[in-house]
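# Coordinate inspection notes
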Amino acid sequence: MSMLDIENLGVAYGPLKILKDVSFSLEEGQWLMLVGPNGAGKSTLINAVAGGTAYTGRIRLQGRDITGMRPRERARRVGVLAQRSGVGYAYTVEDVVRLGRYAHGRDPKNAAHIHRALVQVGMEEKRDQSVLTLSGGELQRTFLAQVLAQNPDLLILDEPTNHLDLKYRQQVFELVGKWLQTPGRAVLCVVHDLSLALAYGTCAVLLKEGRVMDRGVPKKVLSRENLLSTYDMDVAAWSRRMLGQWNDM
Ligand code: ADP
Ligand code: MG
């Protein structure tokens, strides 16, 4: 089944066109990697799907236009880990994760979802700590637990591991891979590390200046030619040089 259909999406801030005629689809079971240089419009696209940005064109979630969906209904279907999540209040870790359950009302399974999400991200022991006192990585894992507790069908992650050290980076990607094994789910993820896009993505969309440069299987989308024209560098040569340093360690 189709989880997300984006057709001719356009977003503008005043006269400035940020997204232009963007179209792609995401099927159940797929992990779509949204890639492209800084400022390409990745976060803008995610904000449009999350309902925070006015747009032209059409966005359908599981076949239904999102403009006709109430916020709670949308929140039961799609969970978004935004690029910049902050908190201004002295909530505890558990309070923040519990907010992920708001769309489910007084579901008796709320406590179990919260507990499982805390354990999955390794924040169970810090559940009573104020989020104002967390490190950047701990805060990011807390927000990840919030979207996991939400139990959506479509998980949208905007640079989910940018504050995390390598161990948690690996954990998050492995965790999302396991999460995706349950039927009826899909992932849309923004990553800067193109090796991660190759390793974990089942498909990819490459954005350049608000347009889709290419889409399809990651190996095709991340071709040398495509990356030369979007990033203006030979990404593969650079990545090989970086990784080659480990060969004789
Ligand atoms: P990415 O996530 O790919 O790095 P963004 O979607 O965050 O890119 O931003 C795309 C472009 O839109 C950038 O040039 C950014 O400055 C611009 N932009 C984002 N939000 C706004 C806004 N609220 N008002 C004006 N311009 C914005
Ligand atoms: Mg961004």
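Structure: see above.
Here is a short report on the structure shown in this document. Keep in mind that this is a model prediction, so the values were computed, not measured. (Residues numbered from 1 in each chain as written. Chains lettered and ligands numbered in written order. Predicted model: local features only at pLDDT ≥ 70, side-chain atom pairs only at ≥ 80, totals over all residues. Heavy atoms only, no water.)

Now for the site of ligand 1. Every residue lining ligand 1 is accounted for by Tyr13, Ile18, Pro37, Asn38, Gly39, Ala40, Gly41, Lys42, Ser43 and Thr44. At 3.0 Å from an oxygen atom of ligand 1 is found a main-chain nitrogen or oxygen belonging to Gly41. At a separation of 2.5 Å, an oxygen atom of ligand 1 approaches a polar side-chain atom of Thr44. Expressed as a share of its isolated accessible area of 570 Å², the protein-covered part of ligand 1 is 57%. When grouped by side-chain class, the residues that make up the shell around ligand 1 number 4 nonpolar, 5 polar and 1 charged. (Near = heavy atom within 4 Å. Polar contact = N/O pair within 3.5 Å; in protein donor to acceptor, adjacent residues only side chain to side chain. Areas by Shrake-Rupley, 256 points an atom, 1.4 Å probe, with all protein chains shown as cover. Nonpolar A, V, L, I, M, F, W, Y, C, P; charged D, E, K, R; others polar.)

Here we come to the packing of helix H4 (residues 110-120) against helix H5 (residues 136-150). One can describe the packing of H4 onto H5 by two numbers: an axis separation of 8 Å at closest approach and a directional angle of 140°. The angle between H4 and H5 places the two elements in the oblique class. Crossing of H4 over H5 shows right-handed handedness. Within the contact between the two elements, H4 uses His113, Ile114, Ala117, Leu118 and Gln120 and H5 uses Ala145, Leu148 and Ala149. (Axes fitted to C-alpha atoms, helices over the stretch in contact; angles between N-to-C directions. Helix = DSSP H or I, 4+ residues; strand = E, 2+ residues; numbered from the N terminus. Parallel < 35°, antiparallel > 145°, perpendicular 65-115°, else oblique. Left-handed = near helix turned anticlockwise from the far one by under 90°. Contact = heavy atoms within 4.5 Å.)

Turning our eyes to something else, we now look at unusual backbone geometry. Despite not being glycine, Asn8 has its phi angle at roughly 50°, a positive value. With a relative accessible area of 44%, Asn8 lands in the partly exposed category. For Asp232, which is not a glycine, the phi torsion comes out positive at approximately 60°. Mapped onto the secondary structure, Asp232 falls in the loop between helix H9 (224-231) and helix H10 (235-244). (Buried < 20%, exposed > 50% of the residue type's maximum accessible area, 1.4 Å probe, protein only.)

The next thing to look at is the side chain of His113. Relative to the helices and strands, His113 is located in helix H4. Every residue in contact with His113, bar those within four places of it in the chain, is listed here: Arg101, Ala149 and Asn151.

When a strand is regular, its side chains alternate between the sheet's two faces. Strand E8 (residues 186-190) sits mainly inside the fold: 5 of its 5 residues count as buried. Side chains of E8 alternate between two faces, with Ala186, Leu188 and Val190 and Val187 and Cys189 buried alike. Here 4 bridges tie strand E3 (residues 31-35) to E8, and the two strands are oriented parallel to one another. Paired with Leu32 across the strands is Leu188, a residue of E8. Pairing between strand E7 (residues 154-158) and E8: 5 bridges, direction parallel. (Pairing = 2+ DSSP bridges.)

The next thing to look at is the pattern of salt bridges. Evaluation of the coordinates by the stated rule reveals 11 salt bridges. Taking the shortest distance from any N to any O, the salt bridge between Arg127 and Glu94 comes out at 2.9 Å. Of this pair, Arg127 sits in the loop between H4 and H5 while Glu94 sits in helix H3 (residues 93-99), placing them 33 residues apart in sequence. Both residues of the pair, Arg127 and Glu94, belong to the buried class. (Salt bridge = Lys/Arg side-chain N within 4 Å of Asp/Glu carboxyl O.)

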